[in-house]
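# Notes for the structure review
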Amino acid sequence: MSSSLSNHLVQCSIATASDAETDFPAKLQRSSFSTVKFHPDKPNDHGSSGECGNLETLILSDRVVVVLIMIHYIIDIAVSFSSSRRRGLICIATLPCLLPLTQILGCLRANAMQPGTKEYLLIKEEVRKVLSKGKAAGVLRLVFHDAGTFEVDDNTGGMNGSIVYELERPENAGLKKSVKVLQKAKTQIDAIQPVSWADMIAVAGAEAVEICGGPPIQVSLGRQDSLEPDPEGKLPEETLDASGLKKCFKRKGFSTQELVALSGAHTLGSKGFGSPTSFDNSYYKVLLDKPWTSPGGMTSMIGLPSDHALVEDDECLRWIKKYADNENMFFEDFKNAYVKLVNSGVRWNSL
């Protein structure tokens, strides 16, 4: 047993050591031991999370890595002893290290700066100076197009600010204006305290929701920026049917309920779901009315094909009806899904 555990720790320590010697741009290279993923013990019917459930991906701190390497060497020494008594004593001596470690791994917070700090308040203040209701939809779209590249299987993409290198892609048409808006605020903030594009966009998207009447959303700070664009073809296509959308979002770590909640962001902007500058549950009410099925007129242009597809799926329809009837439930579930979205694939700064 000691030998097998030792071998496992050898693999972990080698992967960590190799990463430690590499000055890599955020999210372009990852060790096999860079993240821990967890899921709540029970799926929650209303999208809320457990004690640690708001963060889908947690970054192990350097202190945990050091402990792992120490345990590996201790066990190696134990195995090298010929005396079973000595081996047993040394292995018993490692238990105080192993037991706290399991607790650390079980509910380890990311190396993130929590909301309420002076840095967070500074970003909010500067964003509010440049953000208006008319610009809110574009800024919120910026969040989805930056974080939406995340894929669980290969742990690539995510909220890493790479969108600033991807503005020429067809799916990102129109986002240059939103980047320019935030650049004004970022310049002011950087003069006082450097901020990553990933943090800037995450906070700005939350502010866009709130100034349009949506729920207040607080996000952690400390995201590292990528130095290169994310791979192409990772965003959900507008022409996907409900089955394709659910599969796409599942690859990104989101449930059907979270898919429907996040789709409510389309209530902002010019897609025809209520007022373009009001964040409310009009999106779901319009979906249930299916105005695009009426012959002729401008109603046929309301929403995207992917929006229309949601209401034709029984599982999605169940959540659409709930959110159409209960705006507070939509706000709560959107808030939780948004925090999860802006933490997707994040590589956090070290403490």
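Residues numbered from 1 in each chain as written. Predicted model: local features only at pLDDT ≥ 70, side-chain atom pairs only at ≥ 80, totals over all residues. Heavy atoms only, no water.

Quick look at the layout of surface pockets now. Roughly 1100 Å³ of internal volume is contained in the largest pocket. Around the largest pocket, the lining is made up of 47 residues, and of these Arg141, Phe144, His145, His266 and Leu304 lie nearest the centre. Secondary structure elements with two or more residues in the lining of the largest pocket: helix 5 (133-147), helix 6 (175-190), helix 8 (242-251), helix 9 (256-263) and helix 11 (305-310). Ranked by residues supplied to the lining of the largest pocket, first place goes to helix 5 with 10 residues. A per-class count over the lining of the largest pocket returns 22 nonpolar, 12 polar and 13 charged. (1 Å grid on protein atoms, 1.4 Å probe; cavity = no way out; pocket = protein on both sides within 12 Å on 5 of 7 lines; lining within 4 Å. Points joined across faces, edges and corners; volume = space filled by probe spheres on them. Helix = DSSP H or I, 4+ residues; strand = E, 2+ residues; numbered from the N terminus. Nonpolar A, V, L, I, M, F, W, Y, C, P; charged D, E, K, R; others polar.)

With that settled, consider the confidence of the model for the protein chain. For the protein chain, the average pLDDT comes to 77, and 66% of its residues sit at 70 or higher. Counting contacts from residues 47-68, a segment whose pLDDT is below 50, to residues more than four positions away or on other chains yields 64 contacts. Long-range and interchain partners of residues 77-110, a stretch whose pLDDT sits below 50, account for 40 contacts in this model, where long-range means more than four residues apart. (pLDDT = per-residue confidence, 0-100. Contact = heavy atoms within 4.5 Å.)

Here we take up the pattern of salt bridges. Enumeration according to the criterion identifies 16 salt bridges in this entry. Ionic pairing is found between Lys129 and Glu126, a salt bridge with its closest N-O pair at 3.1 Å. You can see Lys129 and its partner Glu126 sitting in helix 4 (residues 118-130), 3 residues apart, about one turn around the helix. Notably, a salt bridge pairs Arg128 with Glu210, separated by 3.6 Å at the nearest N-O pair. With a gap of 82 residues between them, Arg128 in helix 4 and Glu210 in helix 7 (residues 197-211) connect regions that are remote in the sequence. According to the relative accessible area criterion, Glu210 is partly exposed, its value standing at 27%. (Salt bridge = Lys/Arg side-chain N within 4 Å of Asp/Glu carboxyl O. Buried < 20%, exposed > 50% of the residue type's maximum accessible area, 1.4 Å probe, protein only.)

Below, the discussion takes up unusual backbone geometry. Positive phi values are uncommon outside glycine, yet Asn155 reaches one of about 55°. Along the chain, Asn155 turns up in the loop between helix 5 and helix 6. Within the chain, Lys290 stands out as a residue other than glycine whose phi angle is a positive 50°. In this structure, Lys290 sits in the loop between helix 10 (282-289) and helix 11.

Turning to the environment of Pro276, a few remarks are in order. Residue placement: Pro276 occurs in the loop between helix 9 and helix 10. For the pair Pro276 and Gly134, spaced 142 residues apart in sequence, the C-alpha to C-alpha distance is 8.0 Å. With sequence-adjacent residues up to four places away left out, Pro276 is seen in contact with Thr267, Leu268 and Gly269.

As a further point, take the side chain of Asp333. Note that Asp333 resides in helix 13 (residues 327-342). Salt bridges are absent for the buried Asp333, whose nearest opposite-charge side chain, Lys322, sits at 7.8 Å. (Lys, Arg positive; Asp, Glu negative; His and termini not counted.)

Let us look at the nonpolar core. Counting 73 residues, the largest nonpolar core has Phe279, Phe334 and Tyr338 as the members making the most contacts within it. When residues in this core are grouped by element, the largest group, 10 residues, is from helix 7. (Core = buried A, V, L, I, M, F, W, Y, C linked by side-chain atoms within 4.5 Å.)

Here we come to the environment of Leu304. Its location among the elements puts Leu304 in the loop between helix 10 and helix 11. A relative accessible area of 18% places Leu304 in the buried class. With 66 residues separating them along the chain, Leu304 and Glu238 place their C-alpha atoms 6.4 Å apart. When near neighbours in sequence (up to four residues on either side) are disregarded, Leu304 contacts Glu238, His266 and Lys271.

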